[in-house]
Amino acid sequence: MSLVAHSSHRKCFFCSNDATDKPIVGSVGKGGTNKKADVQLVQAFLNSTPPEEGGPAVLLAEDGLIGPKTQAAIDKFQAKVLSRPDGRIDPHGPTIKALTTLICDSASVPPGRLGLDGRPGQAAGSPSTAPKTPQTGAQMVAEGKQILKDLERSLMSLRFKLLHQTPTTMAWLNKHFETAKVKVTPGEASKLLGIVSAIHFQVSRANAFGAQGIDSIIMFDPKADAGVIAWTVRGGDKLSTKQFQIYVEKGVNIKAPGHTVFLGPIFTNQPAPIEKQWTVIHEMCHFVGPRDGTGLEIDDNAYAFEPHFLSIGKWFKLHNAESIALMILEFAVGTAAIVGTPRLAKFKSHFDTFPKVVGGQIVTG
Ligand SMILES: [Zn+2]
């Protein structure tokens, strides 16, 4: 007997009963199998839940380990949603359903709309033109924060995709990362999952706890170098707001505050809202990747406006902020919206070859 119903016209990822999209594989909590990936997802769900809705008062580390804090958070959430809490979350049980439904119901932004000037002009799947009046620094910061906040649901959904690694998802990843038919491996998809999860952690923190989480990330830098749309410190999420990273660039010592993504004055000049979204996600990829000097940091190996964007090696693509950000952006706003951006016009045939993202789902054909 199958307990799983398949539907070809699902509307909502989180409410789906499709086995391949099942959020957790085993049980989590008291007496559960507590597989690391499952525990990590439960921790992410709990962190995405506002405290007054049963989420933890203090954010959990998303380390995949079931300790007293995670167990206490499960107990707290169950006390809120179940009449008979048992401390354990089962793959098809009421707790996981409540956790996912809560996030689903709180998703108020239609797919394809991110940020302030992404709405209402930007219909799903079609880029719109830039606002006629330039944004002030404060408006740009508000825009950047809103872009991140609106990404939450897509990031959570993308985490599932990268965790389950179905053939369609893997074929879709090749669009962004394969070279000369050298395909993306499951291990590489898992590393991308790490980046997406780290960005999601920052975003869910902001959404669960109000503006503070994002306030410490997105800031305006009126003195940014000419030509710099935005900048950040690689691995800056490993630093507190009170720490600095000091490094030398072009012979100049730079002392950059930790935990910050800076928007430069020309951030407002980008030709379409979608370009701003791409920029913010791009910086977040640098921000949550490994620290500078590790050799594994998320770098700028090729920008999309450069002709060799798609022909650099697979390793370079997997460590390229522009490539990872484009994957996330495509998942959030859909393939139709990204192929229309000025930066990607010349690569349209490539992006149309692989599985597409339509309405938050990866589809072939
Ligand atoms: Zn960059």
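Here the structure is a predicted model, which is why all the values come from computation and not from measurement.

Caption draft 1: Inspection of the overall build of the chain at higher detail. Regarding its fold elements, the chain presents 13 helices and nine strands. Out of the 365 residues belonging to the chain, those deemed buried represent 51%. In the chain, the share of contacts with a sequence separation of at least 24, taken over all contacts with a separation of at least 6, comes to 66%. Accessible area of the chain: about 16100 Å², with a carbon and sulfur share of 59%.

Caption draft 2: Structural detail: the nonpolar core. The biggest cluster of nonpolar side chains holds 61 residues, and the ones touching the most others in it are Leu 173, Cys 285, Met 327 and Ile 328. The set of elements that each furnish at least two residues to this core consists of α4 (137-150), α5 (152-164), α6 (167-177), α7 (186-208), β7 (261-263), α9 (273-288), α11 (321-333) and α12 (335-339). A total of ten residues in this core trace back to one element, the largest contributor, which is α11. If you look at the next biggest cluster of nonpolar residues, it comprises 17 residues, including Ile 24, Leu 46, Phe 77 and Ile 96.

Caption draft 3: Representation of the coordination of the zinc ion within the structure. On the protein side, the zinc ion has His 282 (NE2), His 286 (NE2), Asp 300 (OD) and Asp 300 (OD) as donor atoms, found 2.0 to 2.5 Å from it. Between the four donor atoms coordinating the zinc ion, the angles at the centre fall across 56 to 144°, so the site counts as irregular. Mapping the donors of the zinc ion onto the primary sequence gives the spacing H-x3-H-x13-D. Note that His 286 is positioned in helix α9 and Asp 300 in the loop between α9 and α10 (314-318), a separation of 14 residues in sequence. Looking at Asp 300, the relative accessible area reads 27%, which means it is partly exposed.

Caption draft 4: The confidence of the model for the chain, seen in detail. Looking at the chain, the pLDDT average stands at 79 and 80% of residues meet or exceed 70. Mean pLDDT values for the elements of the chain range from 54 in helix α8 (residues 212-215) up to 96 in strand β1 (residues 28-29). In the model, residues 1-20 has pLDDT below 50 throughout and makes 31 contacts with residues more than four positions away in sequence or in other chains. The low-confidence segment residues 104-128 (pLDDT under 50) makes 60 contacts with residues lying over four places distant or belonging to another chain.

Caption draft 5: Layout of the pattern of salt bridges. As enumerated under the stated definition, the model contains nine salt bridges in all. Lys 183 is paired through a salt bridge with Glu 178; the nearest N and O atoms lie 3.0 Å apart. On the basis of relative accessible area, Glu 178 is assigned to the buried category, the value being 8%. Between Arg 343 and Glu 275 there is a salt bridge whose closest N-O contact spans 2.6 Å. In this pair, Arg 343 sits in the loop between α12 and α13 (348-353) while Glu 275 sits in helix α9, placing the two residues 68 residues apart along the sequence. On the basis of relative accessible area, Arg 343 is assigned to the buried category, the value being 14%. The exposure class assigned to Glu 275 is buried, which follows from its relative accessible area of 3%. Bridged by salt links that share partners, the residues Glu 275, Glu 322 and Arg 343 form one connected network.

Caption draft 6: Highlighting the sheet that holds strand β3 (residues 218-220). The sheet built from three strands is open, its strands ordered β3-β7-β4 with mixed pairing. Edge strands, defined here as strands with exactly one partner in the open sheet, are β3 and β4 (230-232). Here the strands of the sheet are splayed against their neighbours by 30° on average, with no regard to which way each runs. Taken together, the three bridges between β3 and β7 define a ladder with parallel strand orientation. Across the sheet, the residue bridging to Ile 218 is Val 261, located in β7. Those strands touched by α4 are β3 and β7, and its axis lies near 165° from that of β3. Across the sheet, α9 lies against β3, β4 and β7, angled at about 15° from β4, the strand it touches most.

Each value, and the rule that gives it
- Within any chain, residue numbers begin from 1 and follow the written order of that chain's sequence.
- It should be noted that, the model being predicted, local features are given only for residues of pLDDT at least 70 and side-chain atom pairs only at 80 or more, the latter also being counted only at that level, while totals for whole chains, interfaces and linings use all residues.
- As a convention, hydrogens and water are excluded, and side-chain values are obtained from all of the structure's heavy atoms.
- Numbering of helices and strands runs from the N terminus, with a helix taken as a DSSP run of H or I at least four residues long and a strand as a DSSP run of E at least two residues long.
- Working definition: with a 1.4 Å probe on protein chains only, accessible area under 20% of the residue-type maximum means buried, over 50% means exposed, and in between means partly exposed.
- By definition in these notes, contact holds between two residues if any of their heavy atoms fall within 4.5 Å.
- Note that accessible areas follow from Shrake-Rupley with a 1.4 Å probe, and for residues the cover is restricted to the protein chains shown.
- By nonpolar core we mean a set of buried residues, namely Ala, Val, Leu, Ile, Met, Phe, Trp, Tyr and Cys, connected to one another through side-chain atoms within 4.5 Å.
- Excluding water, the donors of a metal are its N, O and S neighbours within 2.8 Å, or within 3.2 Å for Na, K and Ca, and that exclusion means sites may look incomplete.
- Square planar and octahedral sites, with four and six donors, are those where opposite donors lie more than 155 degrees apart and all other angles lie between 65 and 115, tetrahedral sites have four donors with every angle between 85 and 135 degrees, and the rest are irregular.
- Each residue carries a pLDDT score, the predictor's confidence in it, ranging from 0 to 100.
- Any Lys or Arg side-chain nitrogen found within 4 Å of a carboxyl oxygen on Asp or Glu counts as a salt bridge.
- DSSP bridges decide pairing: two strands pair if at least two such bridges lie between them.
- Here an axis means a line fitted to C-alpha atoms, over the contact stretch when the element is a helix, while the angle between two N-to-C directions is reported on a 0 to 180 degree scale.

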